[in-house]
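Coordinate inspection notes
Each chain, written out:
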Amino acid sequence: MGFLFVCLGAAVGAPARYLVDRAVQSRAERSRAGGLLPWGTLTVNVVGSFVLGLVVGFGVPEDVRLLVGTGLCGALTTYSTFGYETYRLAEDGARLYAVLNVALTLLLGLLSAAAGLTLAEVA
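Rules and cut-offs
- Residues numbered from 1 in each chain as written.
- Predicted model: local features only at pLDDT ≥ 70, side-chain atom pairs only at ≥ 80, totals over all residues.
- Heavy atoms only, no water.
- Helix = DSSP H or I, 4+ residues; strand = E, 2+ residues; numbered from the N terminus.
- Contact = heavy atoms within 4.5 Å.
- Expected span 1.5 Å × (residues − 1).
- Buried < 20%, exposed > 50% of the residue type's maximum accessible area, 1.4 Å probe, protein only.
- Salt bridge = Lys/Arg side-chain N within 4 Å of Asp/Glu carboxyl O.
- pLDDT = per-residue confidence, 0-100.
- Axes fitted to C-alpha atoms, helices over the stretch in contact; angles between N-to-C directions.
- Parallel < 35°, antiparallel > 145°, perpendicular 65-115°, else oblique.
- Left-handed = near helix turned anticlockwise from the far one by under 90°.
- Nonpolar A, V, L, I, M, F, W, Y, C, P; charged D, E, K, R; others polar.

Before going further, it helps to examine the overall build of the chain. A tally of regular secondary structure across the chain gives 5 helices and 0 strands. Its C-alpha atoms give the chain principal-axis dimensions of roughly 45 × 30 × 25 Å. Sequence-distant contacts, at least 24 apart, represent 70% of the contacts inside the chain between residues at least 6 apart.

Here is the structure:
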């Protein structure tokens, strides 16, 4: 049964990742900052880290953890795209932006996971 919960969560998480990434990146490309950083990927990774922090912090039942934590968050967040986009930035000569992408992703991901855990513990 756990496998089905993971599949159901992933069926929501993957399209959500695509839609959020496209919306955020499209907006970033129209802004003054332009599309220099992969803001869409950063956004889904930070949101997914926060949601996973909440799930773990609330100590939800295993089925919910599989549905939301493993399925939804696993499909919503993306390490492979983060790695590829960082590599692409470096290859295109935007090494400072590649380093900034790594720093922001790690820092904001950890802070958002901690915020989710803390919020769950306080609630």
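Turning our attention to helix H1 (residues 2-30). Relative to the 42 Å expected for 29 residues at 1.5 Å per residue, H1 spans 42 Å between its end C-alpha atoms, a close match to the ideal helical length. Listed as buried for H1 are Phe5, Gly9, Gly13, Asp21, Gln25 and Ala28. Buried-residue contacts for H1 involve helix H2 (39-58) and helix H3 (62-76).

What follows is about the side chain of Thr105. Assignment of secondary structure puts Thr105 in helix H5 (residues 95-122). With relative accessibility at 12%, the residue Thr105 sits in the buried group. The contact partners of Thr105, leaving out residues within four places of it in the chain, are Leu42, Asn45 and Phe82.

All right, on to the side chain of Ser112 then. Take Ser112: it is sitting in helix H5. The class for Ser112 is buried, based on a relative accessible area of 9%. Residues within four places of Ser112 in sequence aside, it is in contact with Val46, Ser49 and Phe50.

Summed over all chains, the structure comprises 2 salt bridges. Of the charged contacts, one joins Arg22 and Asp21 as a salt bridge, the two residues approaching to 2.6 Å between their closest N and O atoms. The residue Asp92 makes a salt bridge to Arg88 at a minimum N-O spacing of 4.0 Å.

Residues shown with low pLDDT carry predicted positions that ought not to be read at fine detail. Per-residue confidence for the chain gives a mean pLDDT of 95, with 98% of residues at or over 70. When mean pLDDT is taken per element in the chain, H3 scores highest with 98 and H1 scores lowest with 95.

With that out of the way, let us pick up the packing of helix H4 (residues 79-91) against H5. Running from amino to carboxyl end, H4 crosses H5 at an angle of 155°, the nearest separation of the two axes being 7 Å. Here H5 runs roughly antiparallel to H4, going by the angle between their axes. In terms of crossing hand, the pair formed by H4 and H5 is left-handed. Here H4 contributes Phe82, Thr86, Leu89 and Ala90 to the contact with H5, which in turn contributes Arg95, Tyr97, Ala98, Asn101, Val102 and Thr105. A per-class count over the contact of H4 with H5 returns 6 nonpolar, 3 polar and 1 charged.

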